There are 4 protein chains.
Amino acid sequence: MGMVFDQRSLTLDGATAVLDGARRRAVELGVPVCLAVADPAGTLLAFARMDGAARLSIALAQDKAYTVAAFGLPTSEWYPMIANDPALLHGIVKADRLMIFPGGVPVRLDGVTVGAVGVSGGTAAQDDEIAAAGAAALAAA
Amino acid sequence: MGMVFDQRSLTLDGATAVLDGARRRAVELGVPVCLAVADPAGTLLAFARMDGAARLSIALAQDKAYTVAAFGLPTSEWYPMIANDPALLHGIVKADRLMIFPGGVPVRLDGVTVGAVGVSGGTAAQDDEIAAAGAAALAAA
Amino acid sequence: MGMVFDQRSLTLDGATAVLDGARRRAVELGVPVCLAVADPAGTLLAFARMDGAARLSIALAQDKAYTVAAFGLPTSEWYPMIANDPALLHGIVKADRLMIFPGGVPVRLDGVTVGAVGVSGGTAAQDDEIAAAGAAALAAA
Amino acid sequence: MGMVFDQRSLTLDGATAVLDGARRRAVELGVPVCLAVADPAGTLLAFARMDGAARLSIALAQDKAYTVAAFGLPTSEWYPMIANDPALLHGIVKADRLMIFPGGVPVRLDGVTVGAVGVSGGTAAQDDEIAAAGAAALAAA
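Residues numbered from 1 in each chain as written. Chains lettered and ligands numbered in written order. Predicted model: local features only at pLDDT ≥ 70, side-chain atom pairs only at ≥ 80, totals over all residues. Heavy atoms only, no water.

Undergrad: Even after reading the chapter, I still don't get the side chain of Thr67 of chain D, so can you show me in this structure?
TA: Residues and elements named next belong to chain D. By the element assignment, Thr67 lies in helix α2 (residues 56-71). The exposure class of Thr67 is buried, given its relative accessible area of 2%. Only 2.9 Å separates the side chain of Thr67 from the backbone oxygen of Arg97, close enough to count as a polar contact. Those residues in contact with Thr67 that lie beyond four places of it in its chain are Gly72, Thr75, Trp78, Arg97, Leu98 and Met99. (Helix = DSSP H or I, 4+ residues; strand = E, 2+ residues; numbered from the N terminus. Buried < 20%, exposed > 50% of the residue type's maximum accessible area, 1.4 Å probe, protein only. Polar contact = N/O pair within 3.5 Å; in protein donor to acceptor, adjacent residues only side chain to side chain. Contact = heavy atoms within 4.5 Å.)

In structure tokens form, the structure reads like this:
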């Protein structure tokens, strides 16, 4: 690849579009959540704690976004990937900030991963749906 | 043993030979990984993150090398060793930096352990094969 | 900036050119050091501990590279910047991984920051000279 | 140096000789202290908390031994070394486990550093004298 390469990344405007898209879905579902958007390095770009969202979710949402950035997969794919490999199942969960349940989703634009969004506070299915709505909002913005 | 003994350890040249050997195998396999080489005390000597390797693997590779140095076994032997002892299986995984799945291999020269190599980023089998190639590269260097 | 932008970053080949350039200068100076190269997000790309380098320097070198990536300035510019502001001087040093003394230098190519190099183990002047030699080696590679 | 080198290190018998020598001096001085002996990698070999020694000293003694192993100098030489370099004085103290006051001393045999001893619980002068007595006890053993 030569000495350097270009990593495409969300701007704050892009991260805000993701955050707003996720938040709209959370409002529609009537579930207060914490929302975090990170760049491809896993660094926080934007965060919001909706009124009433659990404090516990503040870190979880950020860690979900981080997990997606740090490994590339949606967090929902982690448990199925390790469920039948007991060494991995027992051994990897403690990895720093690793989240193996739904709510973290890659943010892509034109097929390129440009960031990640993490949601915590609802059910697993709600968190994942809200995060996916955030990711989808970027292309529509 | 008397009051002192001599602990044989990799130099940076030795660690580089291990790292390069492992990296060559990773290139052959076409899998981007993180590579870490430690001395027998578990201290980091050399590290490389191949282009595209997951950020999550940066710490995992180093922790695999540390685990080998800290206990003596390849990391692949940990899970079989504790699988049938549930107290150990559930209780020891939290030990600081302990990695119980493949990818960490001792580095030996003339039958003496002189360091450890840890690899993360591929499948368990790939990580282990890459690490073993690194360990084997020392004797050939 | 629109929704996304492109962040130019060192590849492993680029990071290796920086590491090797710094190491050559350390050998010329006859001072064993730890050398770390990070991408613009502060994530570790390559590391080497020269024979005889202090173990204490392993983390310091990495933290110097991180500090450069995390704030943009050479670490040598931090102390002069905060020396006359006692609240800042006493209060900011504890910031996670912040290093306020020489040895961390940005790596630029064609005027664009593409990474950072951190060196620890010599005097402040030696560490800075070695790091600068590493940064300069990229353009020459 | 080739691919490997030999690092001379204390055995447990050697570490015990150091610990016992230090403890005898502490008894002579009538000051209860914590005593720690580490190998050249900074790893703990032997530890004793004398009756009445402060709990706070448990970690301090170990960190003093670690500091000596991790950088090579007696801990008493750290403050004079950094006192006139304000960037270092303010910036390096937070380094993990770094102790910049007396009580940590290298353990040498025939001119080779084979470990370190750390003492905490007395005055700075007492801690240093006790540690030095431990280091001296090795050659006499």
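Undergrad: Sorry if this is basic, but what is going on with the sheet that holds strand β3 (residues 44-49) of chain A here?
TA: Within a sheet, each strand pairs with its neighbour through backbone hydrogen bonds, oriented either parallel or antiparallel. Residue and element names in this part refer to chain A. On the basis of which strands lie adjacent, the open sheet formed by four strands has the order β3-β2-β5-β4 and antiparallel pairing. At either end of the open sheet lies a strand with only one pairing partner, and these are β3 and β4 (104-109). Averaged over neighbouring strand pairs, the angle between their axes works out to 20 degrees when direction is ignored. The pairing of strand β2 (residues 34-38) with β3 spans five bridges and is classified as antiparallel. Residue pairing in the sheet places Ala38 in a bridge with Leu44 of β3. Contacts between helix α5 (residues 124-140) and the sheet are confined to β2, β4 and β5 (112-120), with β4 contributing the most and set at about 10 degrees to the helix. (Pairing = 2+ DSSP bridges. Axes fitted to C-alpha atoms, helices over the stretch in contact; angles between N-to-C directions.)

Undergrad: What is the right way to look at the relation of the copies chain C and chain A in this model?
TA: In this structure, two copies of a chain are linked by a rotation about an axis accompanied by a shift along it. Take chain C, turn it by 178 degrees, move it 0.1 Å along the axis, and it overlays chain A with an RMSD of 0.2 Å. What we have between these two chains is a two-fold relation. A high fraction, 100%, of the interface residues of chain C reappear at the interface in chain A, so the copies pair face to face through one surface. (Least-squares fit on C-alpha atoms with pLDDT ≥ 70 in both.)

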